[in-house]
Amino acid sequence: MSPEKGPPPSSGVADKPGREPEVAPPSRRDALLRLGSMAGVLGASAAGARLVWDKGGFDVVQSAAVRQVRDYRIKERDAEHAQLAIARAASKEEGDDSPRPLATPEQLVRRAVDALGGMAKFVSRGDVVVIKPNIGWDRMPIHAANTNPEVVAAVIKLAHEAGAKRVVVADGSCNDPNRCFQRSGIWRASYQLGAEVILPQEHRFRTMRLKGDVLDEWPIFTTLVDADKVINVPVAKHHNLAKYTAAMKNWYGVLGGRRNRLHQNIDTSIADLATFMRPTLVVVDAWRVLVRNGPQGGNIDDAKDMHTVIASVDQVAADAYGCSLIGQRRENLPYLEMGEKRGLGTMRWENLRVKEV
Amino acid sequence: MDAHPSRSESVEPIPWKTGRVGVVPALDMETTSTPPVPVPVPVPVPVPAPAPAPASASAPAPASASAPASATAPAHAPPPAHAPPPAPALAKKKLPGSGIPPRRIAVVLKWARRASQVFFFALFMYFLFQTGFRGSFAARADAPVRLPLPVEGFLLADPFVAAMTLLSTHSVYRGLLWSIGLLALTMLVGRVFCGWICPFGTLHHFFAWLLPSRRGRGGPRVEANKTHAYQRAKYYLLYAFLIAGLGGSAIGGLFDPICIAVRSIGLGVIPGVQYLSHRTLGAAQVVQVRAVQGAADHAQDWLAQTVWQSKQFYFHQTWFIVFLLVAVLFANRFIPRFWCRVLCPLGAFLGVFARFALFGMTKDHAKCTDCNLCLVHCQGADSPQGGVKWRQDECHMCMNCENACPEDVIKFTFLPNRRSTVTVPDTQRRTALAAVGAGAMFLPAARVADTLDVNYHSKVIRPPGAVEERAFLERCIRCAECMKVCPNNALHPAFFEAGVEGLWTPILIARVGYCEYSCVLCGQVCPTGAIQKITEKEKMGLGQPPIKIGTAFYDHGRCLPWSMQTPCIVCEEFCPTSPKAIWVEEVDAPVRDSKPGPNGAPPAYKSVHLQRPHVDPSLCIGCGACEKVCPVQDQPAVYVTNVGETRSKTNVILLENTNYNQKS
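Given the structure is predicted, the values throughout are model-derived calculations rather than measurements.

Calculation criteria
Residues numbered from 1 in each chain as written. Chains lettered and ligands numbered in written order. Predicted model: local features only at pLDDT ≥ 70, side-chain atom pairs only at ≥ 80, totals over all residues. Helix = DSSP H or I, 4+ residues; strand = E, 2+ residues; numbered from the N terminus. Buried ≥ 20, exposed ≤ 12 C-beta atoms within 10 Å, placed from the backbone. Contact = placed C-beta atoms within 7 Å. pLDDT = per-residue confidence, 0-100. Axes fitted to C-alpha atoms, helices over the stretch in contact; angles between N-to-C directions. Parallel < 35°, antiparallel > 145°, perpendicular 65-115°, else oblique. Nonpolar A, V, L, I, M, F, W, Y, C, P; charged D, E, K, R; others polar. Arc of directions from axis to C-beta. Core = buried A, V, L, I, M, F, W, Y, C linked by C-beta atoms within 7 Å. Left-handed = near helix turned anticlockwise from the far one by under 90°.

Some points on the overall build of chain A
Now for step 1: Helices and strands together make up the secondary structure of chain A, namely nine helices and 14 strands.
Now for step 2: Across the 357 residues in chain A, those meeting the buried criterion constitute 48%.
Now for step 3: Within chain A, contacts between residues separated by at least 24 positions form 74% of all contacts whose residues are at least 6 apart in sequence.

Rendered as C-alpha cells:
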C-alpha cells in the first residue's frame, strides 16, 4: 500500500486526529471481532481434532463375535416324504443306440422334487426364491462344467408353479461373468422363463461374519443371501483338489474377494461355507457329469452322460451319495465328515428316507 | 491503428493483419481492386481490440459505425435502405455494422454442424461404452462371442491411420478401406471432418469456448485466431510420421486424434469416473435410509449394465495418458483449438487433400470493414477476414465466419473463385525436409536401443493373434481399443517395456488380469490388423496348434506346495487348456512341527500329502490365468513370460519350435 495512492478507505476505523490512518489502532469492535473469530476457529479445530483423534497403536479392532448364518431350511417335514430322491432316466433297451435319453432333464427334476413332497412344500406363495446354479466357468453345456441350463430352467418353472413372487438366478463366477452366464446357456434359459438373472457386480458384495474355522469375515454376494428361499442347484463333477464338487462346494460362489486362498484348506473352507449357507433344497444336476479334469474340464470326452438328478434337503447326504457317480468314496472326502460333525447333515445317506424314481 | 485505411483507394493489405503475421501472403492486387466500392465515405473506425469483449455472438459495439447510413444511428436501429430485408425466422439477433444477416443456408449449415458435432461425439462415446462385452440374455450358449457394433468405426474411417499403415505394410487392412470415404468427403467439401465430425475436435471446440479468460476474449482472441506460423507444425509432424511409417513404425498413432480420444477417455476418464461413482454410490449404499440405498443400488445396476465394464478397471501408468489429455485441453486457454491447429496430423493430412475441395469460400474484400467478427468465431485460424487470402487447408468448414459477417463479405459456395484462396499448406521446404529426415531416423534411433533385436523384454506379452513384433510395430497405432474391450483388464498400455517405439502398445499384465481362454475380442476391434481377427477355434487350437502368447514358469521358492508344504494348486484348477498345461506330482513330504517337542526335544515331523505343480511347455498357451490366481499376493509363484509365443520363430524354448532360417 504505497503512500502515493492516498489514504486507504477507512474500514470502520475511527480516525483519530493527528495520527496517520495507517498506524491508528483498530476500533474496539474490530479488535474484538478479530480476536473472537480467531478463538472460534481455533476452538472448532481443536474440538474437531479431539473428536476424531486417533491414539495410534496396533490394536486390532475386534469384530463383533456374532456369527452370521443363512438358514433357509423348512423346519417341519412330513415323515411320508423322502429326504433324498434320485431320479434317473430309464435305462435303454438292448441295442438301442439312439442318443436321445428316455426322459428330459425337466422330467427328472419334477420326479425328484415330487418325491420330496413337491415344490409347494418348499416354496410358499409370494416368496423371493434365489436359485444358485454353478456358473463358474466359461464352458458350454456340453462340457458339463456348469449346471445344465435345462435343469436350472426346470427348477425355475417349479418355483413359479409353486407361486414364487420373484425367481432370481445368480452366481459368482471364476471366469469373466458375462461370458460364463452367456455361454453356460443359463442366462438365456432363465430369461426366457422370466427369472431375474443377476451378475456378480462389485457393488453387490458386502462383508459378513462367517466366523468359521478358516473363514472369518468375507465379502458375500448379497443377492444370494437376500431371499426367502434358496435352492442350491449345483452340477456334480470331479474336482482335482476337493476330489468331488457339488452341493457343499457350490457355496464358493457366494464369496467375493480373494477366493484363491481357500484352497490351502479346501475341506474346512467348504465346511465353513456349508455352515453359513443352509439351503431350502438341493437339486444336484448329474445329467452330464465331468469325471476327469475338474472343475473346469474343457474336453467333451471328459464328461459322461448320466441322466440323473438328485434332490435332497440334506446337502451332506446329497454329496455323499453323488460322489459315487464319479467313482469316489465318501470316506475320501474330509468335508463330508466335517459337515456331519457340525450337524449339517449326514454322510450315511442310506439312513435317510431315500427314494429312487 | 486508429484510422481505417480509406476504402476508396486501392485496398492494401491491412498492416497489422499481414505485417506482423508473416505467413499470410500479400493479397493479389487485382482481386481486391476490381469491385467498385459503393460506400466511399472514410469513416474512422475504432479498432475493437482494446476493450475486452465477450466471445459470444454479441459483437463489440464500436464496429457498428462503419456503414454510412447507420453511422449516426444507434446499433439496434433498423437496417439501412440499401441493405437486404431482414432475414426471417432464423437470424433474429441484430448484427452490428451493416447488419446484413447471413444467408439462410449459412445459418442452416451452422446449426447442422452443431447437430453433427453433438451426434458424432455422442456416437463416439456410445461406441466407446460398447467397447466391452457385457453378455447377452438372448445369445445361445454356442454362439460365438462378438461385439454387435463396429465400435472401432471412427478409426476405420481415419485416412491418416490408413496412409501410415499403407506405407508400413504396403496394404490396406480390411475395414480401413472406409477411410477412402472420409478422403472423398474432404475432397468434396474440405476439412468438414475437423469441424463437423471429429469427436476430439468437438472436445477442443467445447473447451476453447469454455476455458478462455480475459486473455482469450475480444481483441486477444482475434489475435489468437489469425493464421500463425506455428500452425505449420502439424504438417511437419505429419511428414515425419508418414516417413517413419515407411520405415516400419506406426508411431504416428501416438498423435492420431481418434487414437488419443479412445486411449485417454477409454483408459483414463471412464475408469476414473467409474471409480468415483463406485465410491460415491457405495457411500450412499451404507446410508441407513432405504430410499437412498435403493436409488444407489439401481443407479449402480444401470451404470454397470450400460456404461461401465463389469468391474473396476486399472491401467498401467495411465496417469501419463490422462495428464497429456488435460494438458492439451488446457492449451485451449491460450490458443483456441491448439491441438487441431498446431499438432493434429490427421487434420494436416486432410488439409493436404483439402486443396481438391469443390466447396469453398469467396470473399468480397471491398465490403470488409475489419470488424473482425469472423475472427472472433473462427475455429481453424484460416484467415477468413477481408484483405487476406483464405487458407483452405486450415479451414474446418464450421461456417461461423459467414454467420458472423455483418457485411456480406464471406460466402461459401461450390466451385468458388479461388483468387483469394491459398489451397496448399504453407510449409517451408527446408523444415519439411528436416521433418522427413527426422521421421526417417526414428526407426534406427529406436532400434539401436536394446529393446527388440537383442534383450527383448520378457514381459512384453502381446495379445493373442498379434503378428510378429516387427510387423506388429508396423501396424499398432496405440488406439487402445484392445485394452478397452478386454473383459479381464488383462491388456495394458506399455510404458517403456517395449522400448520407446512400443509406447502404449498393448501388453498383457497377467497379475491384473489373464487372457480369457475363448475370447477373441481384441482382434475383433483392432483396426489395423496388429492383432488379427482370429476365431475361437484358432485361438484354442481345435484341430490345430493353439495360439500361444507366452509360457508359465514356477518360482519354487515361493510356491506353497513346493516350499511351504501347503496344498494349493489353484493354478492347476484355473488352467484352461485341455489337457491341462499344469500337471501335478503327488508326493508325501515331511513337514516340521512349528513347536518344539516336549522337554526341549527337537520338533516332530509329520508327513503331508501334496500336489506339486509343473508346467508342460508344449501345452502352455501363456494366458496367465495361473499367475492371476496365485495366492502369493505380492510376487506370484507362477508367472508368464513371452517366450514360446506363436508369432515368433526365434523367441522359443523348445527345439521343435525353433526355426534357424530366421534371424535371431
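Having seen it, we continue.
Observations regarding the overall build of chain B
Now for step 1: Secondary structure summary: chain B contains 25 helices and 10 strands in total.
Now for step 2: In chain B, which comprises 664 residues, the share counted as buried stands at 50%.
Now for step 3: Looking at chain B alone, contacts between residues at least 24 apart form 73% of all its contacts between residues at least 6 apart.

Some remarks on the confidence of the model for chain B
Residues and elements named next belong to chain B.
Now for step 1: Per-residue pLDDT for chain B averages 86, and the proportion of residues at 70 or more is 84%.
Now for step 2: Long-range and interchain partners of residues 1-81, a stretch whose pLDDT sits below 50, account for 130 contacts in this model, where long-range means more than four residues apart.
Now for step 3: Counted against residues more than four places away or in other chains, residues 83-91, with its pLDDT under 50, gives 13 contacts.
Now for step 4: With pTM at 0.86, the complex prediction returns an ipTM value of 0.86.

What about unusual backbone geometry?
As a rule of thumb, non-glycine residues mostly have phi less than zero, and peptide bonds are mostly trans rather than cis.
Now for step 1: In this chain, A:Gly294 is followed by A:Pro295 through a cis amide linkage whose omega measures 5°.
Now for step 2: Geometrically, the link from B:Ser578 to B:Pro579 is a cis peptide bond, its omega value of 0° lying close to zero.
Now for step 3: Of note, the phi angle at B:Arg174 is positive, near 40°, even though the residue is not glycine.
Now for step 4: Within the chain, B:Ala480 stands out as a residue other than glycine whose phi angle is a positive 70°.
Now for step 5: As for its position among the elements, B:Ala480 is in the loop between α19 (469-475) and α20 (481-485).

Considerations on helix α8 (residues 315-322) of chain A
Now for step 1: Summarising burial for α8(A): eight of the eight residues are buried, a large majority.
Now for step 2: Within α8(A), the full set of buried residues consists of A:Gln315, A:Val316, A:Ala317, A:Ala318, A:Asp319, A:Ala320, A:Tyr321 and A:Gly322.

Quick word on the packing of helix α10 (residues 233-247) of chain B against helix α15 (residues 345-353) of chain B
Residues and elements named next belong to chain B.
Now for step 1: Between α10 and α15, whose axes approach to 8 Å, the crossing angle comes to 95°. Classified by the interaxial angle, the pair formed by α10 and α15 is roughly perpendicular. In this structure, α10 uses Lys 234, Tyr 235, Leu 237, Leu 238 and Phe 241 to contact α15, whose residues at the interface are Pro 345, Gly 347, Ala 348 and Phe 349.
Now for step 2: For the contact of α10 with α15, the per-class residue count stands at seven nonpolar, one polar and one charged.

A word on the interface of chain A and chain B
Now for step 1: Counting residues at the interface gives 34 residues for chain A and 39 residues for chain B.
Now for step 2: Of all elements in the fold, only α4 (177-183) and α5 (186-192) of chain A reach the threshold of two or more residues within the side of chain A that touches chain B.
Now for step 3: With six residues, α4(A) is the largest single contributor of residues to the side of chain A that touches chain B.
Now for step 4: Here the residues of the side of chain A that touches chain B sort into 10 nonpolar, 16 polar and eight charged.

Details of helix α9 (residues 334-341) of chain A
Within an α-helix, residues lying three or four positions from one another point in the same direction, as the helix has 3.6 residues per turn.
Residue and element names in this part refer to chain A.
Now for step 1: Among the residues of α9, Tyr 335, Leu 336, Met 338 and Gly 339 are the ones counted as buried. With its buried residues spanning 160° around the axis, α9 presents them on a single face.
Now for step 2: Residue Gly 343 follows α9 closely and has a positive phi angle near 75°.

Some points on the nonpolar core
Now for step 1: Counting 263 residues, the largest nonpolar core has A:Ala112, A:Ile131, A:Val155, A:Val283 and A:Val309 as the members making the most contacts within it.
Now for step 2: Considering every element that reaches this core, the biggest residue donor is α10(B), with 10 residues.
Now for step 3: The contacts of A:Val309, once residues within four sequence positions are left out, are A:Ala87, A:Pro105, A:Leu108, A:Val109, A:Ala112, A:Val151, A:Val283, A:Val284, A:Asp285, A:Ala286 and A:Trp287.

Quick notes on the packing of helix α2 (residues 105-115) of chain A against helix α3 (residues 149-161) of chain A
Residue and element names in this part refer to chain A.
Now for step 1: Packing of α2 against α3 leaves a shortest axis separation of 8 Å and a crossing angle of 50°. One element, α2, and the other, α3, form an angle in the oblique class. Between α2 and α3 lies a crossing whose hand is right-handed. When α2 is examined against α3, the residues Pro 105, Glu 106, Val 109, Arg 110 and Val 113 are found in contact with a partner set consisting of Glu 150, Val 151, Ala 154, Val 155 and Leu 158.
Now for step 2: Of the residues belonging to the contact of α2 with α3, the class tally is seven nonpolar, no polar and three charged.

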